[in-house]
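Reading the structure
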Amino acid sequence: MATVPLIAPSEELREELRARGGTSAARCFQCATCSAVCDLAPDGRPFPRREMLMAQWGLADQLMADPAVWLCHQCNDCTARCPRDARPGDVLQVVRSLVIERLAFPRSLGRFVANVRTTWPVLLGAPLLLWVLLLGLTGHLGVPAHLVSWEEVVPHWMIYSVFFPVTLLVMAAAGVSARRFWVLLGSTGPPRKGSLPVALGAVAAELVTHRRFGCCETARPRRWGHLALVWGFVGAAVTSGLLIVALYGFHMELPLPLTHPFKILGNLSAVALLVGTAILVVERLKDPDRVGRTTAFDTFFLVVVALVVLTGTLVEVARLTLPAAVGLPMYVVHLSLVLTLFATFPYSKFAHMLYRTLALAHERMTRENDQPPDPTD
Amino acid sequence: MNDTSNRPILVLGAGIAGLTAALEAAETGRFVVLVEKNPWVGGRVAAFHQYFPKLCPPSCGLEINIRRLERNPRIRLLTGTRLAGAERIEGGWRVILTRAPRWVTDRCTACGECTAACPVEIPNPFDQGMGTVKAIHRPHAQSWPERFVMERDACRQGCHACADACEYGAIDLAAEATTEELEVGSVVVATGWEPYPLEKLPELGGGVLPDVISNVQMERLAHPGGPTGGRILRPSDGAPPRRVAFVQCAGSRDVNHLAYCSGVCCLASLKEALYVREQLPGAEIAIYYIDRRTPGRNEDFLEKVAGTEGIRLVKGKVGKVLAADGGLELVVEDVEAGRRLHERADLVVLATGMVPSAGDLPLPVELDEDGFVLDDPASGVVPAGVVHRPQEVASVVRDATGASARAMAMAGGRA
C-alpha cells in the first residue's frame, strides 16, 4: 500500500489566492469551455481548466511548476465564455503574482512587494528619500544662481553610483529566481530538448510582433499597448547604452540637438512608451468584468511605469521650456521613480518579463511533434 | 355550500400539463375552462418524435387524452385564446379571455382544397421553421380540433382564394376577435416553455451555420410528419449525415445564458442518438457533455446508449463550432484524456434548454430567478408542468395531477 499521499493540498495556497482576489476559482465546475476556447493553449496540453482545478484544490507545487500559468496572456477569452463566472483569466493572473512572490530572492522582499496595498508608500517614498539625502549630503540641494547644466546639481557619477549597484543586485536576485523557476519547470512534464539560447532566440523573434498576444479576442487592444511599451523600453535602453558609450568612449558633448539621431531615437521611444502606457491604462479602466479585474499588484506596476514615462517626458519638456527650479525637482522625482521600477523588478509584476520568457522557452523545448502549428509560426 | 362553489377551474395551456390537469379535475366532477393559445391542443409533445426511455411516439398518449377530452362534457375548450386580464375576487378570480379569430369555422372537414388554392408559403412554425406550409393549412397530421388554421398576417391583401375554394363555406374572412369575462375558482398555469433560441449561441454555430440545429428541430427531422418525412438529412444539402455531434449544455448551466439545468437534455440527446443510429446505422455519433445527468432509473438508459456501438460519449463542453471543408469542426477538450480535440461532424445538434413561458402572464404570480412560477398556496394560482420547474413528460404528468388536486381545493366547494 502506498504510504505517501498522491496529492498534497495546501490550505495556505487557497487562502493566499482568496486574499489576492482569486475567490472565483471555487465556482469552477470543470466543464472545460475555457480550455476549448483558449487560442493560446496547445492542443496537447490545454489550459486553464487544469490550473483552475489546481487552484481549487490548493496544489501549490503543481501550479508553481506549470508553464501554462505563464503561457496565458490574460486576454480573458476564457472568462468571457465561462458559464460559472469563475474568471479563469483573473485566477491565473493572481497565481502569477503568487509565483513571483514565492520564488523571490530574498523571499522577504517578495512578500514586501506582494503586500503593495500597504507597502506602496515605502516603495515609492524610500527611493525619493535616498535621492534627497544624497543631494543634501553632497551639498546639492538648491539651485545655483547661474546654472549652465543640470549636471551641476545632479552629477552623472551620482546617478551611476546608485543605478549600477542596484542593477547588479537586482540582476543577481532575478538570477536566483530564474534558476529556481527553470528547475521547477523541468521537474514535471515532458523532458526538454534542444538548447536554451536557441529557444530564447525564437521567443525573442516572437516578441518582435507579439503574435501570440494577437490570438486573443476579448482584450485585443492590450496587444498593441504592450507592444508599444516593450519597443519603447527597448528604444530607451538602446539610447541610454549608446549615450554612455558616446559620452565616455568618444567624449560626446551634451546636451545633444533635437536633430541628433540619438535624440530622435530617444524621443521616438518616449512616444511609443506614452502611447503604449495610455492604451494599457485605458484598457484597465474598461469594464473589468469583461477585460479582467485589476489587483493592487497589477496597479502598482502599471502606475510606476506610467509615472516613469510621464515624468520622463515632462522633464524633457521642462528642460527646454521651464526654469531649472521647476525642472530639477521633477527630474529628481523621475530618477526616484526609475529607481522604484528597477529595484522592484524581481518582485513586482515587472518580473513577468523573466518568468513568461522562460516559460515560453520551456514550452518550445517541450513541444510535442504531433501538435498543430503554433499560432505564432 | 355558498354560491361560489360551482365556479369552474381555469387551466391555462393545453399541452401535456394543462390537458392532464383539466382532465383530472373534470373527471373528478369539476367544471373546467381549458384555454390554449394555439388553434390546436397538445403543445410541445405533439411535435416530438419519440419519448425517452421507451422510444414510443407521443402521439398515442396524446390521442388517448384527446378522446378523454372529447367525451367529457365538463371541459369547455377555448383554442386560439389568451388570458387578457385577471382580478382577484372573493374565493377566486374574475378573468378576461380574448379569443383570436380563427377564420375557419366548424364546418371545416379538413379536405385540403383551401391549401391547394392558397398562393402564399410560409416557414412551418410547427417544424421549428424548417420546411414550408401554405398560409392556410392543417397544423399537423393529428391536430385537434380537426380544422385548418390560417396565418392571416402572411396573407396577401384582399386575397380570398381559400374562401373561393372551400365548398363547405367554412371560411369566414370577416371573423373578429371576441372577448369574454368569467368568474373562476382557481387558475392552473400550464403555459409550458420555449426552446432557448439558437441565435443566442453563435459561437456554437447557432443561427449562423445551417447544419447546426437544436434538439427540438432534431425531433421534427426524425418525425414522419416532419419536413423531410422522417428522414434525417442535414439542412444545407439534404444529404444524410455520416457524423452527428450532440453538444450538451448548449446555453444551459451557464450564467451567460440559462443558469439552470433543464434536466431533460441529456436524456433527449441519448434518445436522439439512438434513433439516429437506428436510421443511419453507419453514422458515427458523439455526445459531448459536462455531466451525464440521468437521474433515477434513467441510469439504465444511459448505460444502454453508452454501450451502443457507434455512439461515443466525450467528457468536455464544446467551446466552438466552426465551418470547415464543407462540414463542421467542433473544438472541445477531452477532459479524461487532457487533450483538446478538433472533431469533424456533418450535423451538430445543440442540446438547448427550456425557457419557461411565464413572462407575460397577466396574473400576479411570483417567479424565481430563472423565470419559473413559484408555488404560493395563498395566491389562488397553481403552476403545473415546465412553467413550474424544468422536468420531463412523466414528471409533468405527475406534477399536473397534483396541481389539479390543489386547484380543486383552492376553488372550494364540492364536486
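All values reported here derive from a predicted model rather than from experimental measurement.

**Focus on the sheet that holds strand 17 (residues 318-324) of chain B**
All names here are of chain B. Spatially, 17-18-19 is the arrangement adopted by the three strands of the open sheet, whose pairing is antiparallel. In this open sheet, the two edge strands, each paired with only one partner strand, are strand 17 and strand 19 (339-345). Geometrically, the sheet is characterised by an average inter-axis angle of 25° between neighbouring strands, direction not taken into account. With seven bridges connecting them, strand 18 (residues 327-334) and strand 19 associate as antiparallel partners.

**Re the interface of chain B and chain A**
Taken together, the 16 residues of chain B in the interface contact 17 residues of chain A. Listing elements by their share of the side of chain B that touches chain A, those giving two or more residues are strand 17, strand 18 and strand 19 of chain B. Among the residues making up the side of chain B that touches chain A, the classes are represented as six nonpolar, three polar and seven charged.

**Focus on the environment of Gly225(B)**
All names here are of chain B. If you trace the backbone, Gly225 turns up in the loop between helix 5 (215-222) and strand 14 (243-247). The exposure class of Gly225 is partly exposed, given the 17 C-beta atoms found within 10 Å. The spacing of Gly225 and Gln142 is 83 residues in sequence and 9.4 Å in space, taken between C-alpha atoms. Aside from chain neighbours lying at most four places away, what touches Gly225 is His140 and Ala141.

**Some thoughts on the pairing of strand 18 of chain B**
Residues and elements named next belong to chain B. Of the pairings in the sheet, the one linking strand 17 to strand 18 comprises six bridges and is antiparallel in character. Following the sheet pairing, Ala324 is matched in strand 18 by Gly327. Hairpin connection, strand 17 to strand 18: the antiparallel pair is bridged by two residues, and Asp325 has positive phi, about 45°. Between the antiparallel neighbours strand 18 and strand 19 lie four residues, among them Gly338 with a positive phi of about 70°.

**Re the domain arrangement of chain A**
Residue and element names in this part refer to chain A. Along its sequence, chain A is carved into domain 1 (11-102) and domain 2 (108-366). Across the contact, 25 residues belong to domain 1 and 30 residues belong to domain 2. Only helix 5 (68-71), helix 6 (77-81) and helix 7 (88-102) provide two or more residues apiece to the side of domain 1 that touches domain 2. At nine residues, helix 7 tops the list of elements feeding residues into the side of domain 1 that touches domain 2. Classifying every residue of the side of domain 1 that touches domain 2 gives eleven nonpolar, eight polar and six charged.

**With respect to the nonpolar core**
Residues and elements named next belong to chain B. One finds Val247, Tyr288, Val348 and Leu350 to be the most contacted residues of the largest nonpolar core, which totals 129 residues. Each residue touching Val247, except ones within four places of it in the same chain, is listed here: Leu204, Tyr288, Val318, Val348, Leu350 and Ala351. Ranked by size, the runner-up nonpolar core spans 60 residues in total, among them Phe126, Val188, Ala358 and Ala407.

**Here's the deal with the environment of Glu316(A)**
Residues and elements named next belong to chain A. Along the chain, Glu316 turns up in helix 15 (residues 296-321). In this structure Glu316 comes out as partly exposed when scored by C-beta crowding, with 18 C-beta atoms within 10 Å. With 49 residues separating them along the chain, Glu316 and Asn267 place their C-alpha atoms 9.4 Å apart.

**Looking at the confidence of the model for chain B**
Averaged over all residues, the pLDDT of chain B equals 95, while 98% of them reach at least 70. Reported for the predicted complex are a pTM of 0.92 and an ipTM of 0.91.

**Re the sheet that holds strand 5 (residues 92-99) of chain B**
All names here are of chain B. Read across the sheet, three strands follow the order 4-5-10 without closing on themselves; strand pairing throughout is antiparallel. Two strands bound the open sheet, and with one partner strand each, they are strand 4 (81-89) and strand 10 (178-184). The mean angle between the axes of side-by-side strands here comes to 20°, regardless of whether they run parallel or antiparallel. Here strand 4 pairs with strand 5 via eight bridges, running antiparallel. Note on strand 5: the bridge partner recorded for Ala86 is Val95.

Rules used throughout
- Positions within a chain are numbered from 1, following the residues in the order the chain's sequence is written.
- Both sets of labels track the order of writing: A upward for chains, 1 upward for ligands.
- Restriction of local features to residues with pLDDT of at least 70 applies here, the model being predicted, together with a cutoff of 80 or more for giving and counting side-chain atom pairs; totals for whole chains, interfaces and linings are based on all residues.
- Note: two strands are recorded as paired if DSSP finds a minimum of 2 bridges between them.
- Helix and strand assignments come from DSSP, with helices taken as H or I runs of at least 4 residues and strands as E runs of at least 2, each series counted from the N terminus.
- Angles shown run from 0 to 180 degrees and are taken between the N-to-C directions of axes, each axis being a line fitted to C-alpha atoms and, for helices, limited to the stretch in contact.
- What counts as a contact here is a pair of residues whose C-beta atoms, placed from the backbone, lie within 7 Å.
- Note on residue classes: Ala, Val, Leu, Ile, Met, Phe, Trp, Tyr, Cys and Pro are nonpolar, Asp, Glu, Lys and Arg are charged, and everything else, Gly too, is polar.
- Put simply, a residue is buried when 20 or more other C-beta atoms lie within 10 Å of its own C-beta and exposed when 12 or fewer do; between those, it is partly exposed, and each C-beta is set from the backbone.
- Throughout the structure description, domain borders are defined by an automatic or database domain assignment.
- To define a nonpolar core, we join buried Ala, Val, Leu, Ile, Met, Phe, Trp, Tyr and Cys residues through C-beta atoms within 7 Å and take the resulting set.
- Residue-level confidence of the predictor, termed pLDDT, takes values from 0 up to 100.

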